[in-house]
Every structure is written in structure tokens, then in C-alpha cells.
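# Observations on the three-dimensional arrangement
Here are the chains, one letter per residue:
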Amino acid sequence: MASYLRSAWNAACAILWLLGLAACFAQPAGKDAPARVSAGIEFRCLWWSEAQMEGLNPNAPPPKTTDVQIKKWEYSDPVGVPHPDVVDIVVNLKNNTAQTLSGLEVDVSGQWMTGLMSKRAEATWADPIILKTVHDVSLAPGSTENFRVPVDLRTKMTTLEQVQKWPYTVRAIVKVNAPGSGRAALVIVKAELPITPGD
Amino acid sequence: MAITSLTPGSTSTGVTGSVGHKGLNKKSDVLTVQKLLNQAGAELKPDGSCGPATINAIEGYQRNWSKHPDGRVDPGGHTWKKLVEGKLKLKKDSYVMLPQACGYGYYSYSSMDRQFGTSATIHSLIQVCMDFTAKYPDLQVGIGDMSFADGRHMSPHKTHTNGRNADIRPFRTDGKMTHVTITDKEYSHEYTKAFVEMLRKNSNLKSILFNDTKISGVSQHEGHDNHLHVSMKE
């Protein structure tokens, strides 16, 4: 009898713990209430500083050491407008609760819109590809965490240019999953980087 | 062991390492490749040193079969086999380089291999720049991408293959040799307008794409807030 009661007690505790965990990660019911965890995306790269750009010798350029955010990749000025070979998807996570969130899983995917250089309007989206999965992410109450996932734009361009195509946009998709077997998505955010060739 | 004396068509043991762009560039191997390139029509000083001239020559040779030469000879690779076979000749440059020296009233903001054009285009640009800086001695004209020497595709441009295009920066009020966009407070409408007027007086000018709508003689086009895309007739 005692052992039966102990088992029942343990089972009840387990159910309560799971309910508590679910409540902790669940999205708030209110439309305007903040999510338990939020995610942001930036595209960043290394480029020359403004001081380096002035009078820069293009035949012997200095190393690019300044971390800059880019909202578009554009080849309109070889020096003055960033058009990096590799762009980083920078993911920023934030715990909006007063409790530690642990066991999170973060999927970072990339999706390309490509098409013929001569027919921009006919470009189409490919399926997303998971670029990186970060397991077991823990966030202390109110804390933030960020990580970078590089995307090799140059290789993509070179490959496509051989068949007269161009990658017009790359879309980053970040999905933060709750812990547990269900891996329910807590947050999904997307950001796009337009890619414009020169004339 | 690298061969030191070669006759086209002869059997060779090959180079021991890669030569050219990002190659190992062992002196004896570079010397071997330079000699073979000279037999194909290059005019290299066979010194065993792999500089821009040697890499350009390798690229020129590879243009016999490739639109995207990598400028490198790998042991036993296709370029090596063709060099030893000795049947192909170097593809000579067809455009001339914008002089990189100072004193013509301009500065380059693109690498020299991307600043080739027809003789007429080069002559016209120099003339306009010299005229402009004669009037505005504190200013220099920023010239960017033009064409490659052989007119091959210039990534990531759609044009710039015919030796008749040049990207030129708008002018700044402070005269600094750096970029500027028409929405920046440093952008000088007046200087840029004056430069466009001089360009338009040149009989070789075909068209200018630029987005300052208050300047006559330019056509608006997406992405042209920070440079003038100048096209010449010949």
C-alpha cells in the first residue's frame, strides 16, 4: 500500500512538473503579451571602416576588420557599399521571463530566391535548408544569447553565374523549439537580405 | 622533379607543385611555366617569380577554353597538359588599361585589372577628368569598374564587358576621395552637375545613368544613387 501511494505521489509530481514546464514555455494567451523567449535576426559582415575607405588603394586594400550590419547586399560601389563574400546570420535570443529557460533547440535555416539575371521577375524560392541547429540552449532570466551562422554568398553567386542566374534574396529563418519530445515551436522569425548585382 | 627545358609536344615529368594564383609557386616550377607561356606567345621575364604578369598570362592562356580562368597551373592538370602540348596561343588583351598614375585628375577605387577600356573610352575619360580638375583643382574624379582586359564577364555586373563603360563616383562637398550617395549631406550637386556637363560635351559620350533628377542629361535607373554609369560610343 505504501509503495502504491509513493508511486502515485511520484506520478502526480511528474505530471505537475510537466504542466509547469509547459506553462513556462507556452506562448501567452494575450495577443499583446510578450513571448517567453524572443528572437531577432541581423545580417552582419566584416568591412572597411569609413576611415579606411577614404583614399583606399584598391590594389592593396587593408584587411576588413569592422563588424557592420547590412540591410542589403549591393554592388554599386566596390569600396563604399558592403558586398561581402560571406555574410553572417546573427541570431539574438532573449529570455523574457523571470525563470531560467533551458533545453531550447534553435534551428537556423536559409532559403534562396534565384532566377535568370535577365528575368528578375521570374525568380523563384527554393525550399529552406537547415544551416545549423543549436542544441540545449539555456537562457538565464532576462538574459540574451547570440550566435552567428555564416552564409557563403560568393560560392552561390559563382555557381549560379555559370548558368546566367543570380541569387536575388537570401532569407534566414530562425525557429526556437521548446524542450521535450514534442519540440513545439516557441518562436519563428524570418529576415531577408536582398542581393543586387551591379549594372 | 621539375623540368627545366621544354619543347612543346615533348613528354615531360611535370611541375612538382601548382603555379599561379594561390599556387605553391616553387621557383623552378614557376620558371618552367613561364618558359612554356613564352612559347605560347607571352612576353614574360623568366625569373621564377610568380607575379601579376605571370598570373595574367596563365589566365590569358586559359581563356582559350574557359570563361572563368583560375590563373593557376596544377601538376598534371588541364592547363599543364595544354601548355606541354603547345598547340594553343595566348589570348592577348584587347583593351588598354586606364593609366594608374597620378596627374590625370582622377583616382581609382577599383582594382587595376577591372579598369580596362577601348582606347577611345580611355582617352575620353582622361580628357574629361583633366578638363574638370583644371577648373576644380581641389577635386579628383573617382573612377571605379570599367572592363577586364579581355572583356570577359565582370561579376557581379550585368554589363562592363565592352570596354565602353565606367562607373564614376558623384562628388562630395569636402573633396574627400571616398563614396557618397545623393541623399548624403556631403553630396555636392553642384560639382557633380559640372562634371556631367563636361562629360556631355565629349563627343564620345553615349549615356549616363544617375539618379540626381535635377541634373540634365542623365537617366534614372535603380541602384544609381552613388555612382554614375557612363557609357561611351566607342
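Residues numbered from 1 in each chain as written. Chains lettered and ligands numbered in written order. Predicted model: local features only at pLDDT ≥ 70, side-chain atom pairs only at ≥ 80, totals over all residues. Heavy atoms only, no water.

### Some points on the overall build of chain B
- The helix and strand tally for chain B stands at 5 helices and 9 strands.
- Order of helices (α) and strands (β) in chain B, N terminus to C terminus: β-α-α-β-α-β-β-β-α-β-β-α-β-β.
- Dimensions of chain B along its principal axes, counting C-alpha atoms only, are 65 × 30 × 25 Å.
- Here chain B holds 234 residues, and 50% of them are scored as buried.
- Within chain B, contacts between residues at least 6 apart in sequence are counted, and of these 56% link residues at least 24 apart.
- Total accessible area computed for chain B in this model is approximately 11,200 Å², and 50% of it derives from carbon and sulfur atoms.
- In chain B, 29 side chains carry a positive charge and 23 a negative one; their mean positions are 6 Å apart. (Helix = DSSP H or I, 4+ residues; strand = E, 2+ residues; numbered from the N terminus. Buried < 20%, exposed > 50% of the residue type's maximum accessible area, 1.4 Å probe, protein only. Contact = heavy atoms within 4.5 Å. Areas by Shrake-Rupley, 256 points an atom, 1.4 Å probe, with all protein chains shown as cover. Lys, Arg positive; Asp, Glu negative; His and termini not counted. Charge placed at Lys NZ, Arg CZ, Asp CG, Glu CD.)

### Overview of the environment of His229 of chain B
- In this fold, His229 of chain B is placed in strand 9 (residues 228–232).
- Expressed as a C-alpha distance, the spacing of His229 of chain B and Ser49 of chain B, which sit 180 residues apart in the sequence, is 38 Å.
- With residues up to four places along the chain from it excluded, the contact list for His229 of chain B reads Asp199 of chain A together with Thr159, His160, Asn165, Ala166, Asp167, Ser207, Ile208, Leu209 and His224 of chain B.
- Engagement of the side chain of His229 of chain B in a polar contact is seen with the side chain of Asp199 of chain A, the distance being 2.7 Å.
- Within the structure, His229 of chain B has its side chain in polar contact with the side chain of Asp167 of chain B (distance 3.2 Å). (Polar contact = N/O pair within 3.5 Å; in protein donor to acceptor, adjacent residues only side chain to side chain.)

### Regarding helix 5 (residues 189–201) of chain B
- For helix 5 of chain B, with 13 residues, the first-to-last C-alpha span of 18 Å sits near the 18 Å given by 1.5 Å per residue.
- Residues of helix 5 of chain B that are buried include every one of Thr192, Ala194, Phe195, Val196, Met198 and Leu199 of chain B, and no others. (Expected span 1.5 Å × (residues − 1).)

### As for the sheet that holds strand 2 (residues 66–69) of chain A
Residue and element names in this part refer to chain A.
- Strand order in this open sheet of 4 strands is 2-1-4-8, and the pairing throughout is antiparallel. Both edges of this open sheet fall to strand 2 and strand 8 (144–152), since each of them pairs with a single strand only. Taking each pair of neighbouring strands and ignoring which way they run, the sheet shows an average axis angle of 35 degrees.
- Where strand 1 (residues 37–47) meets strand 2, 4 bridges bridge the pair, whose relative direction is antiparallel. Opposite Trp47, over in strand 2, you have Thr66 as the bridge partner. (Pairing = 2+ DSSP bridges. Axes fitted to C-alpha atoms, helices over the stretch in contact; angles between N-to-C directions.)

### Regarding the side chain of Ser76 of chain A
- Turning to its location among the elements, Ser76 of chain A is positioned in the loop between strand 3 (73–74) and strand 4 (86–95).
- Within the structure, the side chain of Ser76 of chain A is placed 2.8 Å from the side chain of Asn226 of chain B, a separation counted as a polar contact.
- In contact with Ser76 of chain A, other than residues within four places in its own chain, are Val81 of chain A together with Gly223, Asn226 and His227 of chain B.

### Structural notes on the nonpolar core
- Counting 41 residues, the largest nonpolar core has Ile89, Leu93, Val106, Leu153, Val174 and Val176 of chain A as its most contacted members.
- Every element with two or more residues in this core is listed here: strand 1, strand 4, strand 5 (101–116), strand 7 (129–139), strand 8, helix 3 (153–161), strand 9 (165–177) and strand 10 (185–196) of chain A.
- Setting aside its immediate chain neighbours within four residues, Ile89 of chain A contacts Ile41, Glu42, Phe43, Val108, Leu131, Phe147, Arg148, Val149, Val151 and Ala172 of chain A.
- Residues Ile126, Cys129, Leu199 and Val230 of chain B belong to the second largest nonpolar core, which totals 30 residues. (Core = buried A, V, L, I, M, F, W, Y, C linked by side-chain atoms within 4.5 Å.)

### Looking at the interface of chain A and chain B
- Counting from both sides, the interface comprises 24 residues of chain A and, opposite them, 27 residues of chain B.
- With both sides pooled, the region where chain A packs onto chain B buries about 2,100 Å², and carbon together with sulfur makes up 50% of that total.
- The largest per-residue losses of area from chain A upon contact with chain B belong to Asn59, Tyr75 and Asp199 of chain A, which jointly make up 31% of the total buried on that side.
- On inspection of chain A and its partner chain B, the count reaches 1 salt bridge.
- For the pair chain A and chain B, the interface holds 19 residue pairs in polar contact (both at pLDDT 80 or more).
- Put simply, the parts of the chain that give the side of chain A that touches chain B at least two residues each are helix 2 (50–53), strand 3 and helix 3 of chain A.
- When the residues that make up the side of chain A that touches chain B are grouped by side-chain class, the tally is 11 nonpolar, 6 polar and 7 charged. (Buried area = accessible area lost by both parts, 1.4 Å probe. Salt bridge = Lys/Arg side-chain N within 4 Å of Asp/Glu carboxyl O. Nonpolar A, V, L, I, M, F, W, Y, C, P; charged D, E, K, R; others polar.)

### Brief notes about the environment of Leu98 of chain B
- Its location among the elements puts Leu98 of chain B in the loop between strand 3 (96–97) and strand 4 (106–108).
- Note: C-alpha distance between Leu98 of chain B and Met146 of chain B (48 residues apart in sequence) is 8.9 Å.

### Things to note about the confidence of the model for chain A
- Taken residue by residue, chain A gives an average pLDDT of 87. The fraction at 70 or more is 83%.
- Confidence over residues 18–32 of chain A falls short of pLDDT 50; this stretch has 18 contacts with residues more than four positions distant or in other chains. (pLDDT = per-residue confidence, 0-100.)

### Topic: the environment of Cys45 of chain A
All names here are of chain A.
- Examined against the element boundaries, Cys45 turns out to sit in strand 1.
- Residues Cys45 and Ile89, spaced 44 residues apart in sequence, show a C-alpha to C-alpha distance of 9.0 Å.
- Sequence-distant contacts of Cys45, defined by excluding residues within four places in its chain, comprise Thr66, Asp67, Val68, Ile70, Pro82, Pro84 and Val86.

### What to know about the pattern of salt bridges
- Per the counting criterion, the structure on display carries 17 salt bridges over all chains.
- The salt bridge partner of Arg44 of chain A is Glu42 of chain A, with a shortest N-O separation of 2.8 Å.
- With relative accessibility at 23%, the residue Glu42 of chain A sits in the partly exposed group.
- Linking Asp150 of chain B and Arg152 of chain B is a salt bridge whose minimum nitrogen-to-oxygen distance equals 3.1 Å.
- The exposure class assigned to Asp150 of chain B is partly exposed, which follows from its relative accessible area of 21%.
- Arg152 of chain B gets classed as buried once you look at its relative accessible area, which sits at 19%.
- Connected through shared salt-bridge partners, Glu42, Arg44, Asp67, Asp88 and Arg148 of chain A make up one network.

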